[in-house]
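If you want the building blocks of each chain, they are given just below.
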Amino acid sequence: MSEVPIYFFSGFMDSGKTSLLSETLINDGFGEDLDSGLIISCEDGDVEYDEKKLDRIHTKVVSIQNREDFTKETLQKLEDAYKPDAVFIEWNGTWETDDLYDNGPDGFKWPKGWMIVQSLATVDANTFEMYLLNMRKMMLQQLQHAEVIIFNRCTKDTKKTKFRGAIKAFNRPAQIVYELENGQIDESPEELPFDLSQDEIEITDADYALWFMDCMDHPEKYDGKIVKFKALVYNPTDGKGKLKPGTMVPGRFAMTCCVEDIQFLGMKCKYKDAASIEHKSWINLTARLKNEFAKEYKGKGPVLYPIEITPAEKPKTQDEELVYFN
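Residues numbered from 1 in each chain as written. Predicted model: local features only at pLDDT ≥ 70, side-chain atom pairs only at ≥ 80, totals over all residues. Heavy atoms only, no water.

Novice: Kindly report on the side chain of Lys-160, identifying the contributing residues and their values.
Specialist: Following the sequence through the fold, Lys-160 ends up in helix H6 (residues 160-168). Look at Lys-160 and you get buried, because its relative accessible area is 9%. There is a polar contact of 2.8 Å between the side chain of Lys-160 and the backbone oxygen of Ser-188. Other than its neighbours up to four places away in sequence, Lys-160 contacts Tyr-178, Asp-186, Ser-188, Pro-189 and Glu-190. (Helix = DSSP H or I, 4+ residues; strand = E, 2+ residues; numbered from the N terminus. Buried < 20%, exposed > 50% of the residue type's maximum accessible area, 1.4 Å probe, protein only. Polar contact = N/O pair within 3.5 Å; in protein donor to acceptor, adjacent residues only side chain to side chain. Contact = heavy atoms within 4.5 Å.)

Shown next, in the form of structure tokens:
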């Protein structure tokens, strides 16, 4: 049996999944080479498929409305009936996705030969912050496995940098696309809260999380520049977390929207006197940043080389210790 590629589309209801799938197959010509395509729709949205146009590219639409009906047995019946050479799944925005990507014994069992080859998610830019704040778990389920995340219905006022920071906090590899209300891709540069044209950049607590994510995504932009920021140092002297001599990790704890999202955002730092910097101490760091290979990054990434280190006062409250994506 030949492999059957699955193209998986996730996102909340009315986020644009049906429109994206239709445009991909019909307007973008993706479906022209299909001998037998199959769309599995798992929710009823405001937009319906044009089945006449889909017939022209040999693609059928079937519906699975209940999560308990989305089983290997159901999919095998569809395999036998349609013999698809490609499957497009429009997922329900309230259903979990973790088991679909789990290759272990508890993972979802697909029909033989079926496998997810690309995962895309759509997000309505107008409701993203509200859903992330009030329905965080459901939102993460729809976005955390997506390779491409498309923010649609964007305007000139869309907070692209903030959105990217929020996504990268839980789905680092995702490619993020911004689509304007007219359907055009917004290729304008994201606005950053600091001046990249300067050789020396001072990163405030308010800007740290956004700077960190931008630097991890585009370290080449900061290669050779001097950065200054207040940091908490990760530098244990024993145990499994002990670092190699001459290295430490300055960073900050960041929160996306709630306490469950708190994580440490730190960068590799090469410093011959690293052993003299106490674990969990606070410092003011001035360092030159180089974009170079580091095994911790599994490739090139930002590495800090201290120019000046001075003690910093520990923030008075936990809220002041945290940085945010805003």
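More follows now that the structure is in view.
Novice: Before we move on, can you summarise the nonpolar core with the specific residues and values?
Specialist: In globular proteins that are soluble, nonpolar side chains generally tend to be buried together. Counting residues in hydrophobic clusters, the biggest one holds 30 residues, and the most contacted among them are Tyr-208, Trp-211, Phe-229, Leu-265, Leu-304 and Phe-325. For this core, the secondary-structure elements that each account for two or more residues are helix H7 (208-217), strand E9 (226-234), strand E10 (247-255) and strand E13 (282-294). When residues of this core are assigned to their parent elements, the largest contribution, 7 residues, is made by H7. Those residues in contact with Phe-229, other than ones at most four positions away along the chain, are Ile-203, Tyr-208, Trp-211, Pro-250, Ile-283, Asn-284, Leu-285 and Leu-304. (Core = buried A, V, L, I, M, F, W, Y, C linked by side-chain atoms within 4.5 Å.)

Novice: Explain the packing of aromatic side chains residue by residue, including any values.
Specialist: Going through the model one piece at a time under the given rule, you end up with 21 aromatic pairs. Consider the rings of Tyr-7 and Phe-88, whose centres lie 5.3 Å apart with planes at 15 degrees: the pair is stacked. Separated by 81 residues along the polypeptide, Tyr-7 in strand E1 (residues 4-10) and Phe-88 in strand E4 (residues 86-90) bring together distant segments of the chain. Exposure class is identical for Tyr-7 and Phe-88. Each is buried. A centroid spacing of 5.3 Å and a plane angle of 45 degrees characterise the contact between Trp-211 and Phe-229, whose relative ring orientation is tilted. (Phe/Tyr/Trp six-rings, centres within 6.5 Å; stacked < 30°, edge-to-face > 60°.)

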